[in-house]
Amino acid sequence: MNSSSSSTRSALPLAPGERLPVSKVLTLSPEALKEIDQLADKFPDRLAATLPALHIAQREFGFVSLEAMKAVAKALDIPEGHVYGVASFYSMYQKHPVGSFHIQVCTNISCALNGAVALLDLVKKKTGISQRGEVSSDGLWSVEEVECLASCGSGPCLQVNHDIYDEFVNEAELDRVLEACRSGQYREWAK
Amino acid sequence: MTSYRQKKDPQSYSFEGFGTPAFPNLMLRGAGNLDNWRLAIYQKEHEGYLGLKRALSMEPSQVIDEMKASGIRGRGGAGFPAGLKWSFMPKDTADKKYTRYLVCNADEGEPGTFKDRSIMEYNPHQLIEGMIIAGFAMQCHMGFIYVRGEFLWLIEKLEAAIEEAKKENLLGQNILGSGFNFDLIVYRGAGAYICGEETALLNSLEGRRGEPRIKPPFPASKGAFGQPTTINNVETLAAAAPILRMGGAEYAKIGTPKNTGTRIFCVSGHVQRPGLYELPLGVPLITLVKDLAGGTPNGKKIKAIIPGGASSAVFTESDFDCPLDFDTIRDRGSMAGSGGIIVIDEDTCMVQVCLRLIRFYAHESCGQCTPCREGCNWMEMILTRIENGEGRLEDLETLKSMTPRIAGKTLCALGDAACGPMDSILGKFRDEFIHHIEHKKCPKPSCQLVTYSH
Ligand SMILES: Cc1cc2nc3c(=O)[nH]c(=O)nc-3n(C[C@H](O)[C@H](O)[C@H](O)COP(=O)(O)O)c2cc1C
Ligand code: FES
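Residues numbered from 1 in each chain as written. Chains lettered and ligands numbered in written order. Predicted model: local features only at pLDDT ≥ 70, side-chain atom pairs only at ≥ 80, totals over all residues. Heavy atoms only, no water.

**Looking at the state of the cysteines**
Logical step 1: For the structure shown, the criterion picks out zero disulfides over all chains.
Logical step 2: Just so you know, B:Cys372 is unpaired, no disulfide at all, and the nearest cysteine sulfur is the one on B:Cys376, 4.3 Å from it. (Disulfide = S-S within 2.5 Å.)

See below:
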């Protein structure tokens, strides 16, 4: 098997002996707990709040660490195993720390036909990132190859954090995006 | 309202004749204008909520009859008649009362598809109106909009639109004095293509892993939270607004007799003017690709066109004249799917196209069913080997023998979706596969569709 697939695959399951990274934050803030509680009341069943609660936890913890999963389980009073199962299923819950600007490049077919593979290489070169899970030493960048973002008519495209997409990204446009990140025009991850 | 960067969407929406009776504009009104989402504009300029007002003056069963009369078929993938689907929902009887749910599938993940996004971006109120109509017709009192996690800025917009609707008593209790109550909740996914499959979506909505369920029971009898549920695509639900406004019979005059109405086609790949084009069903594929989207940017020949999203079998030249309707596309061995049209020019390596698509399915398989989980992975590995010049001739027989063991053998249609492109590309471009194997390399090194395949 070639080495590329691992870059699109999730960080789980872990290799023998490997541990999930520990987050700096270890508990949910009182505001987050309140938000989760209100969410849970909105749905016919508390369990339904698992996904939204994990989004909140990701915002609070910076990524979905094991501690984040446990905090969600406790907040919703549901089994930790369930939360781990959900967190590991969905690719948007980052199981490793990411940079202040997490750049997600679509390399699916329509974008690929318009140069997404070269764009991904360029993003990696300019940020100094070689693979998923890596964060640049200044903490600014991380890069992830993602599947179709539903922006195929304006490919190649990328998404910085969870903000609106950047479309028709060529080298000049990429430079503009990176500069906008550096100069604080783009929202930072989890802010 | 939003803290997100605002940006002008460069995609094409309009063409000569669009908005005239020959090419009605029902789904893209005001698209391109970033303020268009507001209730005031929707009501003032786009006949907003007139369909709802008409629906509320009717019996719920009459609303379903209007949908049936419109002939509209689901825009999410399978093309199932929406009116019929709505009629499957159980009705209350003297001794049994149901809690029914309506779910909107806004997971939009099929590669090549980007239309639901434009509806939510420019006309969220049309979706809301359509959902209230659907809710009233099926007597649901709660609706969920399941939006893919990446669309966070659209979720903010949708929620703002919902707030506007609540203020005007278009949502909530006793809507417009009709006695009907209906609420909407937006639910954010977290990155999984499989959650577009309706039962996987239901599991995800319940806070679980997005794994498809065994059917039966079908969602109409046991869906979200164990209750009767109807799931429709964004475009299908949004179309209910114009259908109820103009009447089902009038809507049915658009398109062809068995393929009525307009739909939003998404054109991407090697074309001059990629973007969204709303057309009546039945317009020839080549008219859309050449006349509207301008053909390839540099006059290169078109080698293949994917007519209905990544899961549909590819068309080659002899099928480029195919009318874009559900039945003809199916009769020619592909599917209308999600309306995603991907154009591929002559300088493209089809082995790479195949590998790129199969890698997607291998990556997105939920892993429950062995044929899909293992099959897609094996196809990816074999295709990688062929692309890298390490293939063997017997690989082609192996690939061919795999699809019948995946298609129809799994809980959901993700495995089948992988087989459409696999079979058609191998069948129609066998010579390219053989060339890779015999010459031990890709004949088009400048074509790069797959990360690190060389
Ligand atoms: C793997 C897979 C992915 C799907 N993804 C979507 C999707 O992103 N959006 C969608 O509307 N339907 C999707 N569907 C189809 C849905 O299961 C369902 O048929 C559709 O939402 C019904 O809506 P409609 O009747 O209005 O077309 C998918 C199906 C499969 C098998
Ligand atoms: S293929 Fe890149 S956004 Fe769809």
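**Concerning the nonpolar core**
Logical step 1: Within the largest apolar cluster, 106 residues are counted, with the highest numbers of intra-cluster contacts made by B:Leu127 and B:Phe182.
Logical step 2: For this core, the element with the highest residue contribution is helix α6 (residues 124-138) of chain B, accounting for nine residues.
Logical step 3: With sequence-adjacent residues up to four places away left out, B:Phe182 is seen in contact with B:Leu102, B:Met131, B:Ile132, B:Gly135, B:Cys140, B:His141, B:Met142, B:Gly143, B:Leu171, B:Gly172 and B:Ile175.
Logical step 4: Among the nonpolar cores identified, the runner-up in size contains 96 residues, and A:Ala40, A:Tyr90, B:Ile185 and B:Cys349 belong to it. (Core = buried A, V, L, I, M, F, W, Y, C linked by side-chain atoms within 4.5 Å. Buried < 20%, exposed > 50% of the residue type's maximum accessible area, 1.4 Å probe, protein only. Helix = DSSP H or I, 4+ residues; strand = E, 2+ residues; numbered from the N terminus. Contact = heavy atoms within 4.5 Å.)

**Comments concerning the sheet that holds strand β7 (residues 262-269) of chain B**
Residues and elements named next belong to chain B.
Logical step 1: As summarised here, the arrangement of the four strands in space is β8-β7-β10-β9, forming an open sheet in which the pairing is mixed. Unpaired on one side and paired on the other, β8 (275-280) and β9 (302-306) mark the two borders of the sheet. Averaged over all neighbouring strand pairs, the angle between strand axes comes to 25 degrees, with direction disregarded.
Logical step 2: Alignment of β9 against strand β10 (residues 340-345), held across four bridges, turns out to be antiparallel. Residue pairing for β10: Ile305 is matched across the bridge by Val343. (Pairing = 2+ DSSP bridges. Axes fitted to C-alpha atoms, helices over the stretch in contact; angles between N-to-C directions.)

**Examining α6(B)**
All names here are of chain B.
Logical step 1: Taking 1.5 Å as the rise per residue, α6 with 15 residues should run 21 Å; its terminal C-alpha atoms sit 21 Å apart, in good agreement.
Logical step 2: Of all 15 residues that make up α6, 15 are buried, and the element is covered over most of its length.
Logical step 3: Positive backbone phi, approximately 55 degrees, marks Gln139, located one or two places after α6. (Expected span 1.5 Å × (residues − 1).)

**Remarks on the confidence of the model for chain B**
As a general rule, the predicted coordinates of low-pLDDT regions are not to be interpreted in detail.
Logical step 1: With 97% of its residues at a pLDDT of 70 or more, chain B has an overall mean of 96.
Logical step 2: The complex model carries a pTM of 0.96, and its ipTM stands at 0.95. (pLDDT = per-residue confidence, 0-100.)

**As for unusual backbone geometry**
Residues other than glycine predominantly adopt negative phi, and peptide bonds predominantly adopt the trans conformation.
Logical step 1: In this structure, the amide linkage connecting B:Lys215 to the following residue, B:Pro216, adopts the cis form with an omega of -10 degrees.
Logical step 2: Here B:Pro216 shows up in the loop between α8 (198-205) and β4 (229-233).
Logical step 3: Of note, A:Ala150 is a non-glycine position whose phi angle comes to about 65 degrees, a positive value.
Logical step 4: Relative to the assigned elements, A:Ala150 resides in the loop between β2 (141-146) and β3 (158-160).
Logical step 5: On the accessibility criterion, A:Ala150 (0% relative accessible area) is buried.

**A look at the sheet that holds strand β2 (residues 142-147) of chain B**
Residue and element names in this part refer to chain B.
Logical step 1: Pairing is parallel across the open sheet formed by four strands, whose spatial order is β3-β2-β1-β4. The two strands at the open ends of the sheet, each matched to only one other strand, are β3 (183-188) and β4. The mean angle between the axes of side-by-side strands here comes to 20 degrees, regardless of whether they run parallel or antiparallel.
Logical step 2: In this structure, strand β1 (residues 101-106) lies alongside β2, joined through six bridges in parallel fashion.

**Concerning the interface of chain A and chain B**
Logical step 1: Listed as interface residues are 56 residues of chain A and, on the opposing side, 71 residues of chain B.
Logical step 2: Between chain A and chain B, roughly 5,400 Å² of surface is buried when both sides are summed, and carbon and sulfur atoms account for 57% of that area.
Logical step 3: Linking chain A with chain B are two salt bridges.
Logical step 4: At the surface where chain A touches chain B, the tally comes to 24 residue pairs in polar contact (both at pLDDT 80 or more).
Logical step 5: If you list the elements that add at least two residues to the side of chain A that touches chain B, you get α1 (5-8), α3 (50-61), α5 (80-89), α6 (109-113) and α7 (116-127) of chain A.
Logical step 6: Sorting elements by how many residues they give to the side of chain A that touches chain B places α5(A) first, with five residues. (Buried area = accessible area lost by both parts, 1.4 Å probe. Salt bridge = Lys/Arg side-chain N within 4 Å of Asp/Glu carboxyl O. Polar contact = N/O pair within 3.5 Å; in protein donor to acceptor, adjacent residues only side chain to side chain.)

**Re the site of ligand 1**
Residue and element names in this part refer to chain B.
Logical step 1: Looking at ligand 1, there are 19 residues lining it, with Gly76, Lys85, Asn232, Asn233 and Thr236 nearest.
Logical step 2: Take Glu108: an N or O atom from its main chain is 3.4 Å from an oxygen atom of ligand 1.
Logical step 3: Glu198 places a main-chain nitrogen or oxygen 3.1 Å from an oxygen atom of ligand 1.
Logical step 4: Here ligand 1 has 610 Å² of accessible area as a free molecule, and 90% of this is covered by the chains.
Logical step 5: Here the element with the most residues in the shell around ligand 1 is β4; it accounts for three residues. (Near = heavy atom within 4 Å. Areas by Shrake-Rupley, 256 points an atom, 1.4 Å probe, with all protein chains shown as cover.)

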